[in-house]
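If you want the building blocks of each chain, they are given just below.
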Amino acid sequence: MMYYRCMGGRETQKGQGIDVLLRPELNMALTALADVVEEFAAQEALSGALPINLNLVLDELITNSVSYALTDAAEPVLRLRLWRDGDMVVAQVEDNGAAFDPFKEAPKPDIEQGLDERPIGGLGVFLVMQLSETAHYERDGDTNRIILQMRMES
Amino acid sequence: MANQSSLTVPSTEQDDAVVLCPNGRVDGTNVTILQGAVRERLEAGQTRLVFDMVDLNYISSAGLRVLLMAARDLQAQGGKAVFCNLSEQIRQVFEITGFDKILAVHGNREDALATL
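Residues numbered from 1 in each chain as written. Chains lettered and ligands numbered in written order. Predicted model: local features only at pLDDT ≥ 70, side-chain atom pairs only at ≥ 80, totals over all residues. Heavy atoms only, no water.

Visitor: Would you explain the overall build of chain B in this entry?
Guide: Along chain B, the regular secondary structure elements total five helices and eight strands. Across chain B, helices and strands are ordered from the amino to the carboxyl terminus as β-β-β-β-α-β-β-α-β-α-α-β-α. Relative to the globule expectation of 13 Å for 116 residues, the C-alpha radius of gyration of chain B, 13 Å, shows essentially globular dimensions. Dimensions of chain B, computed from C-alpha atoms along their principal axes, come out at roughly 40 × 30 × 25 Å. Buried positions account for 53% of the 116 residues belonging to chain B. For chain B, the proportion of contacts with a sequence separation of at least 24, taken over those separated by at least 6, is 67%. Element-wise, carbon and sulfur atoms account for 43% of the exposed surface of chain B, whose accessible area totals about 4,900 Å². (Helix = DSSP H or I, 4+ residues; strand = E, 2+ residues; numbered from the N terminus. Rg over C-alpha atoms; globule rule 2.2 N^0.38 Å. Buried < 20%, exposed > 50% of the residue type's maximum accessible area, 1.4 Å probe, protein only. Contact = heavy atoms within 4.5 Å. Areas by Shrake-Rupley, 256 points an atom, 1.4 Å probe, with all protein chains shown as cover.)

Visitor: Explanation requested: a negative patch on the surface in the structure shown.
Guide: Taken together, the side chains of D15(B), D16(B), E110(B) and D111(B) define an acidic patch exposed on the protein surface. Relative to the helices and strands, D15(B) resides in the loop between β2 (11-14) and β3 (17-20). (Patch = residues over 30% accessible without salt bridge, like charges linked within 9 Å, V, L, I, M, F, W, Y side chains within 5 Å. Salt bridge = Lys/Arg side-chain N within 4 Å of Asp/Glu carboxyl O. Lys, Arg positive; Asp, Glu negative; His and termini not counted. Charge placed at Lys NZ, Arg CZ, Asp CG, Glu CD.)

Visitor: Got a minute to help me understand the nonpolar core in this structure?
Guide: Note that soluble globular proteins tend to have their nonpolar side chains buried in a common cluster. Ranked by size, the top nonpolar core spans 75 residues in total, and within it L22(A), L54(A), L58(A), I62(A), F51(B) and F94(B) carry the most contacts. When residues of this core are assigned to their parent elements, the largest contribution, nine residues, is made by helix α1 (residues 26-43) of chain A. The residues touching F51(B), leaving out its near neighbours within four places in the chain, are L20(B), L34(B), V38(B), L67(B), A70(B), A81(B), V82(B), F83(B) and C84(B). Judged by nonpolar contacts, the second largest core, of seven residues, contains V19(B), V50(B), A112(B) and L113(B). (Core = buried A, V, L, I, M, F, W, Y, C linked by side-chain atoms within 4.5 Å.)

Visitor: Help me understand the packing of aromatic side chains in this model?
Guide: The description of an aromatic ring pair uses the distance of the two centres, along with the angle that the planes make with each other. Residue and element names in this part refer to chain B. A complete count under the given rule lists four aromatic pairs over all chains for this structure. When the centroid spacing of 6.0 Å and the interplanar angle of 70 degrees are considered together, the rings of F83 and F94 count as edge-to-face. One end of the pair, F83, is in strand β7 (residues 80-84); the other, F94, is in helix α3 (residues 88-97), and eleven residues separate them in sequence. Comparing F83 with F94 shows no difference in burial state: the two are buried. Both rings, one in F94 and one in F99, keep their centres 5.8 Å apart while their planes meet at 65 degrees; by these two values the pair is edge-to-face. (Phe/Tyr/Trp six-rings, centres within 6.5 Å; stacked < 30°, edge-to-face > 60°.)

Visitor: Mind showing me how you'd approach the interface of chain B and chain A here?
Guide: Think of interface size as the accessible area that goes away when the parts come together; that is how it is often given. Between chain B and chain A, the residue contacts involve 30 residues of the former and 31 residues of the latter. Between chain B and chain A, roughly 2,600 Å² of surface is buried when both sides are summed, and carbon and sulfur atoms account for 63% of that area. Across the contact surface, chain B and chain A share zero salt bridges. Linking chain B with chain A are nine residue pairs in polar contact (both at pLDDT 80 or more). Residue composition of the side of chain B that touches chain A, grouped by class: 13 nonpolar, twelve polar and five charged. (Buried area = accessible area lost by both parts, 1.4 Å probe. Polar contact = N/O pair within 3.5 Å; in protein donor to acceptor, adjacent residues only side chain to side chain. Nonpolar A, V, L, I, M, F, W, Y, C, P; charged D, E, K, R; others polar.)

Below you can see the structure in the form of structure tokens.
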């Protein structure tokens, strides 16, 4: 599989989805992510807030992968798949780093707390859970896998 | 490949306050730029800050953390941070995270400045 490169005006077919490797470095991964989401949004004619929300949840998950799971990996691999299933967009993020379940590790923010009490962490995973219809983690051999669904606007 | 993560933070001084106008996208790759712009003002003793978000079209949790810490640091120094002109995406993440309740958010810059 190839690393993702934005081809610019590439003819992609509706329904085929996107399956790419991202370079496991934050800057390159997030820059490529924005291009992947833009391409997928065009492919599936995603509208409204969905493209930017999809970018946001994947940004949070990829940032976690690169910053936590993959830091000690000898040959880090970061893979992103996007496809459509009925009225759902399905996204899958995989890395080969140390076992890391962001939904379990992250503190759950209490959004009723005031300015001084609010902990600084946990916001990213909280956003992922709030913006996704479903989101779950699984460890499969050497792979961390997160699969999430977001509903398309009718 | 477009540089999607570009961020600049132009600022102006207005009515004894500093208006920071972050432009572009803020995520984990460039959040130190925003952090640096805030720190620079704090170190100069300027503690009345308006974050005019009119030109900011994307923010991740990395950026939210910097805004939360800025509001906290300013308050600790007897100052204040106020926010205005939120895009739809930023308004939504403020609502989901409850930031709209703990940060001072206003519709436009004039209203924001008036509360400082």
